[in-house]
Amino acid sequence: MELKNMLEYQELDRKVFLLEKKLRESDELKNANKVQAAFKQSQDAIVSLSSKAQQRLEAVVRLQEKYQRVVRELEELTLESDNIEGEKEADFYDKRLAEIDKTLEGLEKDIIAGGDDLKSISFAISHEQQQQQQLKNQFAAAKKKYDALKLSIQKEAYPYMQQMKPLKEGIDSALMERYQRVRNNRKMPVLVPFTSGGGCGGCMMELSESEKGKLSANGICECPNCGRLVYKI
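All of these numbers come straight from a predicted model, not from anything done at the bench.

Peer 1: Just to check I follow, could you spell out the layout of surface pockets for this structure?
Peer 2: Taking a probe equal in size to a water molecule and rolling it over the atoms shows the remaining empty space. What the largest pocket holds in volume is close to 220 Å³. What lines the largest pocket is a set of 13 residues, among which Leu 19, Glu 20, Leu 23, Ile 153 and Gln 154 lie closest to the centre. Contributing elements (two or more residues each) for the lining of the largest pocket: helix H1 (2–24) and helix H3 (86–169). When residues of the lining of the largest pocket are assigned to their parent elements, the largest contribution, 6 residues, is made by H3. Partitioned by chemical class, the residues of the lining of the largest pocket number 8 nonpolar, 1 polar and 4 charged. In this structure, the second largest pocket is lined by Tyr 9, Asp 13, Val 16, Glu 20, Met 161, Met 164, Lys 165, Lys 168 and Arg 183. Of the residues assigned to the lining of the second largest pocket, the class counts are 4 nonpolar, no polar and 5 charged.

This is the structure in structure tokens:
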């Protein structure tokens, strides 16, 4: 009687399973997941760009600080120019002045380049933010379609689930637990017949003598290969 209830339960559950599969493989869900993945990718891009912008800003600040130090050094050197005596000191002064000018010129270029990088990064972040808003709108539309399909499928599955309830009450809880464990791995049917060749009616693998012994004793055993429940009438 219990096996009969179990098979009737499975026949109804198979219909529910197919409806779940229809929802799981639907274009509506695929589109929603696709948009959601694109949104996550955009979020990651913003985090990466923000980190890059912070690093670049810190680098520019360091360059500016160095530029100011070199400017002060130039000012100090300029003040010393009145005390230059002799051609040797003048040559050293001119050489040092040229080195400072070159350093300042290089720092100016680096600071400008850093500023340009920051503008470029800022533009990229702004673009991603605009993209995110578009993706939010797309996701809302995709989710609306998915929710409508889900509701439709739930309504279709409801009568089967109602019929399954009284059948479930007549099935041993431990057996139902084993059934649900296999079903949760998206295997249907869960209960399969013992084949005339001595194997599992699901994956067709021949059962061991030990499993056949359990089958003879209990009328049901678990296939060691696919995990389905093999029954024998």
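Peer 1: What is the right way to read the pattern of salt bridges from this model?
Peer 2: In a structure, side chains of opposite charge can pair up when their charged atoms sit close to one another. Per the stated rule, a full pass over the model turns up 14 salt bridges. Across the pair Lys 4 and Glu 8 runs a salt bridge whose closest N-O atoms are separated by 2.5 Å. Taken together, the positions of Lys 4 and Glu 8, both in helix H1 and 4 residues apart, correspond to about one turn of that helix. Looking at Lys 4, the relative accessible area reads 47%, which means it is partly exposed. Residue Glu 8 is classed as partly exposed on the basis of its relative accessible area, which comes to 34%.

Peer 1: Got a minute to help me understand the environment of Glu 28 in this structure?
Peer 2: With respect to the secondary-structure elements, Glu 28 resides in helix H2 (residues 27–79). Through-space distance from the C-alpha of Glu 28 to that of Tyr 146 is 4.9 Å; in sequence the pair is 118 residues apart. Setting aside its immediate chain neighbours within four residues, Glu 28 contacts Ala 142, Lys 145, Tyr 146 and Leu 149.

So, how was this worked out
- Residues numbered from 1 in each chain as written.
- Predicted model: local features only at pLDDT ≥ 70, side-chain atom pairs only at ≥ 80, totals over all residues.
- Heavy atoms only, no water.
- 1 Å grid on protein atoms, 1.4 Å probe; cavity = no way out; pocket = protein on both sides within 12 Å on 5 of 7 lines; lining within 4 Å.
- Points joined across faces, edges and corners; volume = space filled by probe spheres on them.
- Helix = DSSP H or I, 4+ residues; strand = E, 2+ residues; numbered from the N terminus.
- Nonpolar A, V, L, I, M, F, W, Y, C, P; charged D, E, K, R; others polar.
- Salt bridge = Lys/Arg side-chain N within 4 Å of Asp/Glu carboxyl O.
- Buried < 20%, exposed > 50% of the residue type's maximum accessible area, 1.4 Å probe, protein only.
- Contact = heavy atoms within 4.5 Å.

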